[in-house]
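Below are the chains, spelled out letter by letter.
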Amino acid sequence: MKYALFIVVLIASHCAIGQEIAKSQKGSVTQYIAKTVVTIRYSRPVARDRELYGGIVPWGRVWNPGADSATTISFSTAVKVDGKDLKAGTYSIWAEPNPKKWTVMFSTVHPIFHTRYPGEAKDALRLTIRPREGAHMETMNYYFPVVEGKKAELVLHWGKVVVPFALEVP
């Protein structure tokens, strides 16, 4: 019996040693805005002293703000994003960053790996957003710094770049 237990422990420890921890850990955030539920699911890349925008994320090229599987956002009701209508549902998020403005796309295609943008024909919504500068954020983060009544601000924050989204629910 002791020998069998020893073998099980040995095999289990060997299997655990072979498993690597992902460099971009999975994360999610859920926020209620009035009765609407908003959930973002993403893998969180880490800056690691790299040049982010204009470096590993080239200016003017479509990119998924996350890692591994494409970042998704779900809305339980129809919403307005920066004043534009978006139906209830789940979308993958894509962006074309530039120093002074970003184009952000909510694609109907999900789940999908983060390296292949499905194309403009699959976009449910495209926005132009002006980023702002913030304190350095080592690990990519989506969060809601303001939630008030039927309105909220969602931000994508990585490095010193903050990309704000104004949300409004019915």
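It should be emphasised that the depicted structure is a prediction, and the values quoted were computed from it without experimental measurement. (Residues numbered from 1 in each chain as written. Predicted model: local features only at pLDDT ≥ 70, side-chain atom pairs only at ≥ 80, totals over all residues. Heavy atoms only, no water.)

**Some remarks on the sheet that holds strand β5 (residues 84–86)**
In space, the four strands of this open sheet follow the order β5-β4-β10-β9, with antiparallel pairing throughout. The two strands at the open ends of the sheet, each matched to only one other strand, are β5 and β9 (132–148). Averaged over all pairs of adjacent strands, the angle between their axes in this sheet comes to 30°, without regard to strand direction. Pairing of strand β4 (residues 79–81) with β5 involves three bridges; the strand directions are antiparallel. Bridge pairing in β5 places Val 81 opposite Lys 84. (Pairing = 2+ DSSP bridges. Helix = DSSP H or I, 4+ residues; strand = E, 2+ residues; numbered from the N terminus. Axes fitted to C-alpha atoms, helices over the stretch in contact; angles between N-to-C directions.)

**A look at the pattern of salt bridges**
Applying the stated rule across the entire model yields three salt bridges. With its nearest N and O atoms 3.1 Å apart, the salt bridge here joins Glu 153 to Arg 132. You can see Glu 153 sitting in strand β10 (residues 151–168) and its partner Arg 132 sitting in strand β9, a full 21 residues away along the chain. (Salt bridge = Lys/Arg side-chain N within 4 Å of Asp/Glu carboxyl O.)

**What about the pairing of β9?**
Bridge count for β9 against β10 is nine bridges, and the pairing is antiparallel. In the sheet register, Tyr 142 faces β10, and the bridge partner there is Leu 156.

**A short note on the packing of aromatic side chains**
Tallying each qualifying case throughout the model produces nine aromatic pairs. A centroid spacing of 6.1 Å and a plane angle of 75° characterise the contact between Trp 63 and Trp 102, whose relative ring orientation is edge-to-face. Taken together, the residues span a long stretch of sequence, with Trp 63 in the loop between β2 (36–44) and β3 (72–75) and Trp 102 in strand β7 (residues 102–107) at a distance of 39 residues. With a relative accessible area of 14%, Trp 63 lands in the buried category. (Phe/Tyr/Trp six-rings, centres within 6.5 Å; stacked < 30°, edge-to-face > 60°. Buried < 20%, exposed > 50% of the residue type's maximum accessible area, 1.4 Å probe, protein only.)

**Comments concerning the sheet that holds strand β8 (residues 123–129)**
Pairing is antiparallel in the open sheet, where six strands are placed in the order β1-β2-β3-β6-β7-β8. One side of each edge strand has no neighbouring strand; the edge strands of this open sheet are β1 (25–33) and β8. With strand direction ignored, the average angle separating the axes of adjacent strands in the sheet is 20°. Sheet analysis places β1 next to β2, joined by nine bridges and oriented antiparallel. Its bridge partner being in β2, Lys 26 is matched across the sheet by Ser 43.

**Here we look at the environment of Thr 90**
By the element assignment, Thr 90 lies in strand β6 (residues 89–97). Residue class for Thr 90 comes out partly exposed when judged on its relative accessible area of 27%. When the C-alpha positions of Thr 90 and Thr 39 are compared, they lie 9.0 Å apart, and in sequence the two are 51 residues distant. Among the polar contacts listed, one links the side chain of Thr 90 to the side chain of Ser 74, at a separation of 2.8 Å. (Polar contact = N/O pair within 3.5 Å; in protein donor to acceptor, adjacent residues only side chain to side chain.)

**Some words on the confidence of the model for the protein chain**
Here the protein chain averages 90 in pLDDT, and 89% of its residues register 70 or above. Every residue in residues 4–16 is under pLDDT 50, and counting partners more than four places away or in other chains gives zero contacts. (pLDDT = per-residue confidence, 0-100. Contact = heavy atoms within 4.5 Å.)

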